[in-house]
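Listed below, chain by chain, are the residues.
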There are 2 protein chains.
Amino acid sequence: MKHLVLVLAPLFAMIAAPASATTPDEIVDAAPDSEWREIAPADLLVMTLAPDAAGKPREVVVQLLPEPFSAAWTRNVRALAKANWWNGTSIYRSVDNWVVQWGEGPVEEGKTVPAAMGETSADGYSLDWRSGLVATLWDAHGRRAAEAADKERDGSKFGDPYAAAVGYVNGMPVASDLETRIGPDGAKISRPTRIWPVHCYASVGVARALSPDAGSGTELYAVIGHAPRQLDRNIAVVGKVIDGIEHLSILPRGTGPAGVYETEGERTPIVSVRLLSEMPVAARPRYRVLDTDGDSFARYAEVKANRDDAFYTVPAGGADVCNVAAPVKRFADDASG
Amino acid sequence: MKHLVLVLAPLFAMIAAPASATTPDEIVDAAPDSEWREIAPADLLVMTLAPDAAGKPREVVVQLLPEPFSAAWTRNVRALAKANWWNGTSIYRSVDNWVVQWGEGPVEEGKTVPAAMGETSADGYSLDWRSGLVATLWDAHGRRAAEAADKERDGSKFGDPYAAAVGYVNGMPVASDLETRIGPDGAKISRPTRIWPVHCYASVGVARALSPDAGSGTELYAVIGHAPRQLDRNIAVVGKVIDGIEHLSILPRGTGPAGVYETEGERTPIVSVRLLSEMPVAARPRYRVLDTDGDSFARYAEVKANRDDAFYTVPAGGADVCNVAAPVKRFADDASG
């Protein structure tokens, strides 16, 4: 083991070893039960793939975005899951550092979509800010955006390449513009006017044709590479994979045009995609997400942006929203669950 | 094909279809021969893996960083390749959205490193800016950093989460701080004082233990997920995979501690790692990289940061340095080669 300890120390330093300073995992482990939120069964999809070559079962669990984000699409996705739309379809393309994609459009074999399906529109890709929406927005340094807006900064060191502010809503990464005005007491007050979900590794979105209104939800993709943030506000993000992403990311890349598998045998069969709320209670996996509006997550983001534990000698002084995912744990792995 | 055209239109729009506005690929296709630079055989490593389960050959091509970046490590890597250090070793761990890692340290089986190996020091993780260094630094909006520094900006929209400026040196992504002063004519002049290579998808780095000086180059990793920029300046980047990254990214993830494969059979044997300059000329693959100091790349970065071709309705207004990789083409794929 000496060899492994030597070469793997960097990772161990991140995942286990007590370090000279606090690690992100130490903060997660110390977070009180009161800051963990159970994810509602109606917000979770379980995609069961055919067993792998070794006969091992493969399940991919997707958490759907909370409304009002992408609501027209998440409602369609729930309706499609209830109608067993994806059962018997397949994962038909995989592009390295891009996406894997699955499902089937209504144009094939004259399938008709469930009556519960609604119209979708590109207007839904971002939302007007509404005061009722509970969101914690951070600049990339892990400070609340409002605080950040009060500071003079060099203009790039703590920024996000794609938006004025980034943050989390119920555990989901989002971005926004920021409108800053001077309040009655002369202090700067900043608030978003538009807010939208972002593409990170493991994000799930709705495939569409060139018309921005074209994607109904019948075909979905998951990101398996560096966050393609240029897709934000151009396509509907509906959620993210919270368990089993490796069953998608290790699939062989397709060699046909656009990474489509050239033979039927290369495709991965999808046995079923079900909403947990449609499954027997005893059969449902249960997950908790760390409250992204809570103190532990605030500290987690700050530490992620300023690593100074054993392995690190130069704290970054910033963090990419896609490198600070809301911690999720499965009850089975959680003694307190 | 109608079905595929429908569902794959997003990708087609990015890779092929003439669009209402210029696409990044159109700019690459139109770049004159004078802006393509052949990559020197002494800067390229070919890692030959054992054939895959279907018997298909697997080659991974790594471009080493130009000196003076990480010079102590790239010299060691060349010495190790010449000494066949990695021949017969294996890829021994894979961690989803993190890295795959290979090689062997001198602690095993009493191997001694080549005499040509030199000392390495954490001082080499970033460089003092030297006027002799040819670099083009951009803010994430695709504008030269000096121009960006002349503008008043909101401080985050066009920024990078990890550095004041990002850019490219001989095709390799780098980051820097920016020192801005007022010149004789009253205009702002900004220049980096420190500059360093960054971790992007497919970057190759030197595994090390907790001591920042510990990594000699005998064990390497490649990034197979979202850019772990927090590692910048904490570990030595030595280059990037320019061909065959999918042979690493689709490897099954390890199930042991730190993603180490639990059985010998799960490891991927490395047949050889050779410098192209050590191979017979006729056997060498040849690659060209688009000059990152040239006009075509400048336009490429601008368009990547402001996509408004067929698929896009909301240009991002920015781009992550790791989403704007220097285009590389293999001569075999290049009629003009």
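Parameters and conventions
Residues numbered from 1 in each chain as written. Chains lettered and ligands numbered in written order. Predicted model: local features only at pLDDT ≥ 70, side-chain atom pairs only at ≥ 80, totals over all residues. Heavy atoms only, no water. Helix = DSSP H or I, 4+ residues; strand = E, 2+ residues; numbered from the N terminus. Expected span 1.5 Å × (residues − 1). Buried < 20%, exposed > 50% of the residue type's maximum accessible area, 1.4 Å probe, protein only. Contact = heavy atoms within 4.5 Å. Pairing = 2+ DSSP bridges. Axes fitted to C-alpha atoms, helices over the stretch in contact; angles between N-to-C directions. Polar contact = N/O pair within 3.5 Å; in protein donor to acceptor, adjacent residues only side chain to side chain. Phe/Tyr/Trp six-rings, centres within 6.5 Å; stacked < 30°, edge-to-face > 60°. Disulfide = S-S within 2.5 Å. Salt bridge = Lys/Arg side-chain N within 4 Å of Asp/Glu carboxyl O. pLDDT = per-residue confidence, 0-100.

Caption draft 1: Region of the structure containing helix α3 (residues 71-82) of chain A. All names here are of chain A. For α3, spanning twelve residues, the distance from its first C-alpha to its last is 17 Å, which sits close to the expected 16 Å at 1.5 Å a residue. Taken across its twelve residues, α3 has nine buried, putting it largely inside the fold. Buried residues along α3 sit against β2 (44-49), β3 (58-64), β13 (203-206), β14 (219-223), β15 (237-243) and β16 (268-275). The positive-phi residue at the C-terminal boundary of α3 is Asn-84, with phi of around 60 degrees.

Caption draft 2: Molecular detail of the environment of B:Glu264. All names here are of chain B. Within the secondary structure layout, Glu-264 lies in the loop between α5 (246-249) and β16 (268-275). The exposure class assigned to Glu-264 is exposed, which follows from its relative accessible area of 61%. Sequence separation between Glu-264 and Ser-176 is 88 residues, and the spatial gap between their C-alpha atoms is 42 Å.

Caption draft 3: Focus on the sheet that holds strand β1 (residues 36-38) of chain B. Residues and elements named next belong to chain B. The strand order β1-β17-β18 describes an open sheet built from three strands, whose pairing is antiparallel. One side of each edge strand has no neighbouring strand; the edge strands of this open sheet are β1 and β18 (328-330). Shown here is a sheet whose adjacent strand axes are inclined to one another by a mean of 30 degrees, direction ignored. Of the pairings in the sheet, the one linking β1 to strand β17 (residues 287-290) comprises three bridges and is antiparallel in character. Within β17, the residue paired with Glu-38 across the bridge is Arg-288.

Caption draft 4: Inspection of the side chain of B:Asp96 at higher detail. In this fold, B:Asp96 is placed in the loop between β4 (90-94) and β5 (99-103). Side chain to side chain, B:Asp96 and A:Tyr201 meet in a polar contact 2.9 Å long. At a separation of 2.8 Å, a polar atom in the side chain of B:Asp96 contacts the side chain of B:Arg253. Among all residues touching B:Asp96, those that are not within four sequence positions of it are A:Tyr201, A:Ile245, A:Glu246, A:Ser249 and B:Arg253.

Caption draft 5: Examining the environment of A:Val303 more closely. Inspection of the secondary structure puts A:Val303 in helix α6 (residues 295-305). Among the residues examined, A:Val303 registers a relative accessible area of 7% and is labelled buried.

Caption draft 6: A look at the packing of aromatic side chains. Residue and element names in this part refer to chain B. Applying the stated criterion across every chain yields a total of eight aromatic pairs over all chains. Ring centres 4.8 Å apart and planes at 75 degrees place the aromatic pair Tyr-168 and Phe-297 in the edge-to-face group. On the criterion of sequence distance, the pair formed by Tyr-168 in strand β8 (residues 165-169) and Phe-297 in helix α6 (residues 295-305) is long-range, its members being 129 residues apart. Since its relative accessible area comes to 3%, Tyr-168 is described here as buried. Summarising the aromatic geometry, the rings of Phe-297 and Tyr-300 are spaced 5.8 Å apart at their centres and angled 35 degrees between planes, so their arrangement reads as tilted.

Caption draft 7: Quick peek at the state of the cysteines. All names here are of chain A. Scanning all chains against the criterion turns up two disulfides over all chains. The disulfide that involves Cys-200 links it to Cys-322, with 2.0 Å between the sulfurs. What sets the handedness of the Cys-200 and Cys-322 disulfide is the S-S torsion sign, and at about -75 degrees it is left-handed. Of this pair, Cys-200 sits in the loop between β12 (194-197) and β13 while Cys-322 sits in the loop between α6 and β18 (328-330), placing them 122 residues apart in sequence. Given a relative accessible area of 9%, Cys-322 falls into the buried group.

Caption draft 8: Looking closely at the side chain of B:Ser296. All names here are of chain B. Position of Ser-296 among the secondary structure elements: in helix α6. According to the relative accessible area criterion, Ser-296 is buried, its value standing at 10%. Here Ser-296 is in contact with Ile-27, Ala-31, Pro-32, Glu-35 and Leu-290, once residues within four sequence places are set aside.

Caption draft 9: Representation of the sheet that holds β15(A). Residues and elements named next belong to chain A. Strand order in the closed barrel formed by eight strands is β2-β3-β15-β13-β14-β5-β4-β16, and the pairing between neighbours is antiparallel. Sheet twist, expressed as the average angle between the axes of neighbouring strands with direction ignored, equals 35 degrees. Examined bridge by bridge, strand β4 (residues 90-94) and β16 share two bridges and lie antiparallel to one another. Within β16, the position partnered with Ile-91 by the bridge is Thr-268. The sheet strands contacting α3 are β2, β3, β13, β14, β15 and β16, and the helix crosses β16 at an angle near 110 degrees.

Caption draft 10: Here's a closer look at unusual backbone geometry. With an omega of 10 degrees, the peptide bond running from A:Glu67 to A:Pro68 counts as cis. Checked against the element boundaries, A:Pro68 lands in the loop between β3 and α3. Residues other than glycine seldom take positive phi values, yet B:Ser70 does so here, at roughly 50 degrees. Mapped onto the elements, B:Ser70 comes out in the loop between β3 (58-64) and α3 (71-82). Residues other than glycine seldom take positive phi values, yet B:Arg233 does so here, at roughly 70 degrees. Looking at the element boundaries, B:Arg233 is found in the loop between β14 (219-223) and β15 (237-243).

Caption draft 11: Region of the structure containing the pattern of salt bridges. All names here are of chain A. Inspection of every chain in the model, using the stated rule, returns 22 salt bridges over all chains. In this structure, the salt-bridge partner of Arg-253 is Asp-96, at a minimum N-O distance of 2.8 Å. Of this pair, Arg-253 sits in the loop between α5 (246-249) and β16 while Asp-96 sits in the loop between β4 and β5 (99-103), placing them 157 residues apart in sequence. Accessibility assignment for this pair places Arg-253 and Asp-96 in one class, buried.

Caption draft 12: Local environment of the pairing of β16(B). Note that strand β2 (residues 44-49) of chain B and β16(B) share five bridges and pair antiparallel. Its bridge partner being in β16(B), B:Thr48 is matched across the sheet by B:Ser272.

Caption draft 13: Quick peek at the confidence of the model for chain A. Residue and element names in this part refer to chain A. On average, residues of chain A score 84 in pLDDT, and 82% of them reach the 70 mark or higher. For residues 1-19, every residue scores under 50 in pLDDT, and the model assigns this stretch 53 contacts once sequence neighbours within four places are set aside. A low-confidence stretch, residues 333-337 stays under pLDDT 50, and its non-local contacts, those more than four residues away or across chains, total six contacts. For this predicted complex, the interface score ipTM comes out at 0.89, while the overall pTM is 0.89.

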